[in-house]
Amino acid sequence: MRNEHLEVNYIDLEEAYLDDWRVPIIKFLMNPSTNVNKKIQLVAPHYILMDGELYKKSKEDGLLLRCLDKLESIQVMGEVHNGLCGAHQAETKMRWLLKRYGYHWRGILKDCNDFTKSCQACQKYGPIQRVPTINMQLMVKSWPFRG
Ligand SMILES: [Zn+2]
């Protein structure tokens, strides 16, 4: 019973490793002579490998943004969106905050959108459209040529 549990965790970790978007870039940075996808070769110069961690060079301010995997990105989004100082910011504002905190991953804007759409508080207390549900009706002025 215990061995089955360990085996399942091992398989999950292996799948997570295979699905990790950082792995091809790290492999290419560690050994540039490996045969990898052309797209990886083009994006790899924007990344740096330091102490086994992958960092992306920010285009705007030159900061090094720590690259996160799927699990870490979900934890960070939760902290930024509805953590201690989270103000339930959405989309581009949330992405801007994540970059200010020094994090990056592929598809960050889409993940921010998905996270906001899945937030129950945002759906419950978000902006409500206050347009009446009935059709608009014409008003006839009682005296036509005045203001
Ligand atoms: Zn929210």
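Since this is a predicted model, take the numbers as computed values, not measurements. (Residues numbered from 1 in each chain as written. Predicted model: local features only at pLDDT ≥ 70, side-chain atom pairs only at ≥ 80, totals over all residues.)

Colleague: I'd like a rundown of the packing of helix α4 (residues 70-82) against helix α6 (residues 108-118), residues and numbers included.
Modeller: For the pair α4 and α6, the least separation of the axes is 11 Å and the interaxial angle reads 60°. In this view, α4 runs oblique relative to α6, as classed from their interaxial angle. Classified by chirality, the crossing of α6 by α4 is right-handed. Residues S73, M77 and H81 of α4 form the contact with α6, whose own contacting residues are D111, C112, F115 and T116. Of the residues belonging to the contact of α4 with α6, the class tally is 3 nonpolar, 3 polar and 1 charged. (Axes fitted to C-alpha atoms, helices over the stretch in contact; angles between N-to-C directions. Helix = DSSP H or I, 4+ residues; strand = E, 2+ residues; numbered from the N terminus. Parallel < 35°, antiparallel > 145°, perpendicular 65-115°, else oblique. Left-handed = near helix turned anticlockwise from the far one by under 90°. Contact = placed C-beta atoms within 7 Å. Nonpolar A, V, L, I, M, F, W, Y, C, P; charged D, E, K, R; others polar.)

Colleague: Account for helix α5 (residues 91-100), with residues named and values stated.
Modeller: Buried within α5 are the following residues: M94, R95 and L98. The buried residues of α5 occupy an angular sector of 100° when projected down its axis, which confines them to one face. Away from its buried face, by an angle of more than 90 degrees, α5 presents the exposed residues T92, W96 and R100. Directly after α5, the chain includes G102, whose backbone phi takes a positive value near 95°. (Buried ≥ 20, exposed ≤ 12 C-beta atoms within 10 Å, placed from the backbone. Arc of directions from axis to C-beta.)

Colleague: For the environment of V76, give the residues involved together with the corresponding values.
Modeller: Its place among the elements puts V76 in helix α4. A tally of 19 C-beta atoms within 10 Å means that V76 is categorised as partly exposed. Taking the C-alpha atoms as reference points, V76 and Y101, separated by 25 residues in sequence, lie 9.6 Å from one another. Not counting residues up to four positions away in its chain, the partners in contact with V76 are L68, L98 and Y103.

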